[in-house]
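Results of the structural survey
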Amino acid sequence: MVDPAMLTEPVEPAYAAGATTRRLAAEAWDHLWPWSRAGFSRQKLVQAVGLALAVAVTTVWVLAGMGEMGAGALIGWWVGWSACEVLVRLSAKPYVKEGPWWGRRYRAASVMDMLCYVAFKNLLVGALLFLTLKALGRVVV
Amino acid sequence: MMFARLCRRFQRSIAGGLLGMVMAGALVLLSEPVRADSYEAALPPELHSSPRMCDYVACTEVLPGADSFSERRGQPPFVEGYKTEGGQKTLVGYVMLSTDIVDIPAYSGKPVVTLIGMDATGHFVGVKILKHSEPILLLGIPESALIKFNQQYLGKFVGDQIEIGKARPEENIIGLDAITGATVTVIAQNQVMMVSGGEVAKQVGILKPQVRPPATFIDTGETLTWDQLVAEGSVARLTVKPQDVGLVSTGQPYVDLWFGLLNVPTVGRSILGKDGYERLMAGLHPGEQALFVVKTDGIESFKGSGFVRGGLYDRVQVRQERDTYTFRDLDYLNLYGVLAAGAPAYTESAIFIVRGKTFSAAYPWQFVFLANKLDKTTGAKTFANFDREVWLPARYLEGGRPAYKRPDAPWLKMWKDRAVEIAAFVVLLVAVAVVYSRRDALVRRADRKNKWPVNAFKYTGWVVSIGFVGFHAMAQPSITQVLTWFHSLLFQWKWELFLSDPFIFIFWIFIIVTVFLWGRGLFCGWLCPFGSLSELLYKVGERIGLKRFQGKLPKPLHDKLKWVKYGVFLGLLAVSFFSMPLAEKLAEVEPFKTTFLVGLFNRSWPYTLFAAGLLGLSIFIERPFCKYLCPLGASLAMPTTFRWFGLKRKQECTSCNACAHGCGSQAIDADGRIDQRECLLCLDCMVLYHDDHACPPLVQERKRRTKAGQPLTPIGQDGYFIPIIPVPAGAAAKETTHG
Ligand code: SF4
Ligand code: SF4
């Protein structure tokens, strides 16, 4: 049934009804790990390509941590990975949070929702990593 | 019937025609060439490094009358310009390159490279911008504005107190007109001019150093350990990291220095031992101060590898307010050892004598390390300085620390100067947030026919925002600020710079907070100057009889066009990573600069036509720019996906289209769901939601109760009449007996 209080259909991830701490841990895992078993059984190719790209982008961050990567390349890779993450998530974990971040309401993600989610999350993650590396002097601009 | 059809056709043709014009306007803007001469201009690297600076830049342009120039001399460097008459050379004045002297970044995070000419009496005679990276000066405000700004310095004396803003004759302060919309840039530029000119004027004797009462030290008789000296602040540390000078970190600092004044008996004795201290003091003239420096770590020397006899130590100096003290070889003594218990091992050491009689150890002073910063993209080296301030503990000074008032930072001055307006602005923002958070009470007071309880507040917000925020304070937020942040994050994040524009600074804090609380709607719908102006025009159009020509685009078309703004935003962001100038140019899709910063009639016709076209279109279609084009709106809409508190809905909304029909933003879909990204929080639907003469389920219930003779209870939080629950007969009887 349509819930007029949210933009798309309500969705309940398996952890939604669990204890708060379990749910928060599962949510944190969700933010960091875009893949799921269901996703793999649905769209093997997208998930596998995503995984490969994730390995590549992790390598890029590690290289950057060793002072071997320019800022431009780093940003380029991060943006590329983010685009891929949108696709991976849409087939593996196709939902987003609705309302307060501490709440337990979720809804199905449209492409735009997922784009907004990944862009926002990766901006925070990217900025955190980038500024850390910059403060450590590993990335110089 | 016929008329209605005509009207509809008219609406459709205006919509199509004007939208076409908007697109065409955008294309005209995009095809116009960038008018910027010194924006990111490529300068010859020799300009920064060659002793013969004036071979690489036209020094005569800033020092009229000079026909020959010396090599770079002095510390910080400058050149002398001469006039040859009858084979005789006479000094005309001095030319300096700002980046040789200061490292003050402007709004972009990069310095404005300025060539400055000053005559032999210390008056500015020429200023030329060689290179800048200021996006704001690229298109919105012509570069000529900066040139005009700089011309205000001509004829002014370097020792004058020159500030941006109103003159204050009673305090001897000369005011300069700022560039509207580029306050941050000109504040930085003023510092560049005054510090550069001042540094050279002091070296050549035009500006006399400030005389400060000398310190009289108290001998406490103690001998302290290294840690004690550090803890009390008489020995201090200055560390420079490789990344600070544009190098990749290897884990080792660029330079790690410790320093302190040796004249203080307790400190001198602790560091040098009793004999060493006495020997040192015996060799000093009255008023001279000895400073020890040791390098405990680092890849760079503080003495400089190219140091020559008779030369100048060009990496370290001492500064006290506007006075700088440099060291020559005669000011250097060997430091044979640091005797304080627990002192670290060091690889380089020196004792420097501060000879200026004007230096006073009783006041705060700074130890400065000078370096060159490598700009990775251009390979050019710019000057950078790192300092550490110290002030001797009061217990070493007779009479304690003297009274000393630190001069306000330029940004702080800005806040103080405009304190009243800033306070008014904060009140406005808080008021809007409070009013919105009390929306439930307001919408209940309003109904479909009388929305004034809500609109009185909203319209006041619009009018104040257009007049005060937009036209007066010029605080229209813009996508260029978002792009600038991204870039400052990469290059150099300086809080001082953002703080220099108090209104924009405060506005963004408000925007960020409210986007996460309620979504972009509170800013866009209630406070954005351009958005308010455009919706106000629509409302005025409605009042003056143009209602029949007003309309919305068909929903399917709207649902397609609304994506355009996201494309514009993401496109700008992408372009900015490759070319900031191009992104800034494309950001002209925002008519904000034309409307508020520069003025509709002060710009070339494509800009005026574009802004006026959008505003004209706003009379017939509600906020066309906000709905379809605004990159700022789009950038705020994206995080709005995750706003915490949305608007209320009833289950019946899924089949009722009343709200959707009245939604000017076309943000409600066929299932009654509100798209928070598109909703501008006008609250019209919330008025309807509580109106028992408009909201169909409420109307129905009202009629039913009236017919059944039941009372009309108030409408509850869930948007329904509070149900009448019949009290069981037994309980009622009990109540009565007990009562
Ligand atoms: S969409 Fe743009 S112009 Fe419209 S109100 Fe929002 S920021 Fe202002
Ligand atoms: S009518 Fe409702 S959904 Fe539409 S813009 Fe106003 S508040 Fe938002």
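Residues numbered from 1 in each chain as written. Chains lettered and ligands numbered in written order. Predicted model: local features only at pLDDT ≥ 70, side-chain atom pairs only at ≥ 80, totals over all residues. Heavy atoms only, no water.

Focus on the pairing of strand β10 (residues 289-297) of chain B
Remark: a regular strand shows side chains that alternate across the two faces of the sheet. Residue and element names in this part refer to chain B. The following threshold applies: Only protein chains enter the calculation, and the probe is 1.4 Å; a residue is then buried if its accessible area is under 20% of its type maximum, exposed if over 50%, and partly exposed in between. In this text, helices come from DSSP runs of H or I with a minimum length of four residues, and strands from runs of E with a minimum of two, each type numbered from the N-terminal end. The rule for pairing is simple: two strands pair if DSSP sees at least two bridges between them.
Taking burial as the measure, the 9 residues of β10 include 8 buried ones, the bulk of the element. Here strand β9 (residues 255-261) runs beside β10; their pairing, made up of 6 bridges, is antiparallel. What sits directly across from Leu257, in β10, is Lys295. Relative to strand β14 (residues 348-354), β10 runs antiparallel, the two being bridged by 7 bridges. When the bridges of β14 are listed, Phe292 appears paired with Ile351.

Considerations on the layout of surface pockets
Residue and element names in this part refer to chain B. Defined as follows: Note on definitions: the grid is 1 Å and covers protein atoms alone; a cavity is a set of points where a 1.4 Å probe fits but cannot get out; a pocket is an open set with protein on both sides within 12 Å along at least five of seven lines; lining residues have an atom within 4 Å of a point. Grid points are joined across faces, edges and corners, and a volume is the space filled by probe spheres set on the points. Nonpolar residues are Ala, Val, Leu, Ile, Met, Phe, Trp, Tyr, Cys and Pro. Charged residues are Asp, Glu, Lys and Arg, and all others, Gly as well, are polar.
Each pocket or cavity is described by its volume, and for the second largest pocket that value is around 1300 Å³. Forming the walls of the second largest pocket are 40 residues, and the residues nearest its centre are Lys451, Lys547, Glu622, Gly662 and Asp684. The set of elements that each furnish at least two residues to the lining of the second largest pocket consists of α11 (452-472), α16 (529-546), α24 (658-662) and α25 (684-690). Broken down by element, the residue count for the lining of the second largest pocket peaks at 7 residues, all from α16. For the lining of the second largest pocket, a count of residues per class yields 17 nonpolar, 9 polar and 14 charged.

Let's talk about empty space enclosed by the protein
Scanning the model with the defined rule gives 6 cavities of 30 Å³ or more in all. Considered as a void within the structure, the largest cavity measures approximately 100 Å³ in volume. Tallied by class, residues from the lining of the largest cavity come to 9 nonpolar, no polar and 3 charged.

Topic: the interface of chain A and chain B
The following threshold applies: Two residues form a contact once any of their heavy atoms are found within 4.5 Å. By buried area we mean how much accessible surface two parts lose on assembly, using a 1.4 Å probe and totalling the loss over both. When a carboxyl oxygen of Asp or Glu lies within 4 Å of a side-chain nitrogen of Lys or Arg, that pair is called a salt bridge. In the analysis that follows, any N or O atom pair within 3.5 Å is treated as a polar contact, provided that within protein one partner can donate a hydrogen and the other can accept it, and provided that, for residues neighboring in sequence, both atoms belong to side chains.
Each partner contributes residues to the interface: chain A has 38 residues there, and chain B has 35 residues. In total, about 3000 Å² of surface goes out of reach between chain A and chain B, with carbon and sulfur atoms giving 67% of it. Where chain A meets chain B, there are 3 salt bridges. Of the charged contacts in the structure, one is a salt bridge between A:Glu98 and B:Arg643, with a shortest N-O distance of 3.2 Å. Our count for the chain A to chain B interface comes out at 9 residue pairs in polar contact (both at pLDDT 80 or more). Counting residues per element, the ones that place at least two in the side of chain A that touches chain B are β2 (95-97) and α5 (111-135) of chain A. Tallying contributions element by element places α5(A) first for the side of chain A that touches chain B, with 13 residues. Partitioned by chemical class, the residues of the side of chain A that touches chain B number 25 nonpolar, 5 polar and 8 charged.

Let's talk about the environment of B:Asp387
All names here are of chain B. Tracing the chain through its elements places Asp387 in strand β16 (residues 381-390). On the basis of relative accessibility, which here comes to 36%, the residue Asp387 falls in the partly exposed class. Considered as a pair, Asp387 and Phe367 are 20 residues apart in the sequence and their alpha carbons are 5.5 Å apart. Among the polar contacts listed, one links the side chain of Asp387 to the side chain of Arg319, at a separation of 3.4 Å.

Brief notes about the confidence of the model for chain B
Residues and elements named next belong to chain B. Stated precisely, the cut-off is as follows: Each residue carries a pLDDT score, the predictor's confidence in it, ranging from 0 to 100.
On average, residues of chain B carry a pLDDT of 87, and 90% of them reach 70 or more. Overall, residues 24-36 carries pLDDT values under 50, and its contacts beyond four positions in sequence, including any with other chains, amount to 21 contacts. Confidence estimates for the predicted assembly give a pTM of 0.80 and an ipTM of 0.93.

Considerations on helix α4 (residues 143-151) of chain B
Residues and elements named next belong to chain B. Here is the rule we go by: Working note: the arc is built from the helix axis to C-beta atom directions.
Of all the residues in α4, the buried ones are Glu143, Ala145, Leu146, Phe149 and Asn150. All buried residues of α4 lie within an arc of 155° about the axis, which places them on one face of the element. In this structure, the buried side of α4 is in contact with β5 (124-131), β6 (161-164), β7 (173-176) and α5 (183-203).

As for the packing of aromatic side chains
All names here are of chain A. Filter applied, for reference: In this scheme Phe, Tyr and Trp rings, the latter by its six-membered ring, pair at centre separations within 6.5 Å, and the angle between planes marks the pair as stacked below 30 degrees, edge-to-face above 60, and tilted otherwise.
In total, this model carries 48 aromatic pairs over all chains according to the counting rule given. Aromatic pair Trp29 and Trp33: ring centres 5.4 Å apart, planes at 20°, arrangement stacked. Overall, Trp29 belongs to the partly exposed group, its relative accessible area being 49%. For Trp33, a relative accessible area of 34% puts it in the partly exposed group. Measuring from centroid to centroid gives 6.0 Å for Trp35 and Trp81, while their planes differ by 35°, and the two rings are tilted. Here Trp35 is found in the loop between α1 (20-32) and α2 (37-42), whereas its partner Trp81 is found in helix α4 (residues 71-92), with 46 residues between them in sequence.

Re the pattern of salt bridges
Per the stated rule, a full pass over the model turns up 43 salt bridges over all chains. One salt bridge in this structure joins A:Arg23 and A:Glu27, with 3.5 Å as the shortest N-O distance. Here A:Arg23 and its partner A:Glu27 are both found in helix α1, 4 residues apart, which amounts to about one turn of the helix. Among the ionic pairs, B:Asp387 bridges to B:Arg319, the shortest N-O distance being 3.4 Å. Of this pair, B:Asp387 sits in strand β16 while B:Arg319 sits in strand β11 (residues 312-320), and the two are 68 residues apart along the sequence. Its relative accessible area of 16% is what places B:Arg319 among the buried residues.

With respect to the state of the cysteines
Residue and element names in this part refer to chain B. Stated formally: Any two cysteine sulfur atoms lying within 2.5 Å of each other are counted as a disulfide.
Following the criterion strictly, the structure yields 1 disulfide over all chains and no others. Each sulfur of the disulfide joining Cys54 and Cys59 lies 2.1 Å from the other. Of note, the bridge from Cys54 to Cys59 carries an S-S torsion of about -90° and is left-handed in sense. On the basis of relative accessibility, which here comes to 14%, the residue Cys54 falls in the buried class.

Focus: the site of ligand 1
All names here are of chain B. The line we're drawing: Whether a residue is near a molecule or strand depends on its heavy atoms: it is near if one of them lies within 4 Å of it.
In the vicinity of ligand 1, the contacting residues are Arg520, Phe523, Cys524, Cys528, Gly531, Phe592, Arg623, Phe625, Cys626, Cys630, Leu632 and Gly633. Within the residue set of the shell around ligand 1, elements represented by two or more residues are α15 (521-527), α22 (624-628) and α23 (631-640). Along the lines of polarity and charge, the residues of the shell around ligand 1 split into 8 nonpolar, 2 polar and 2 charged.

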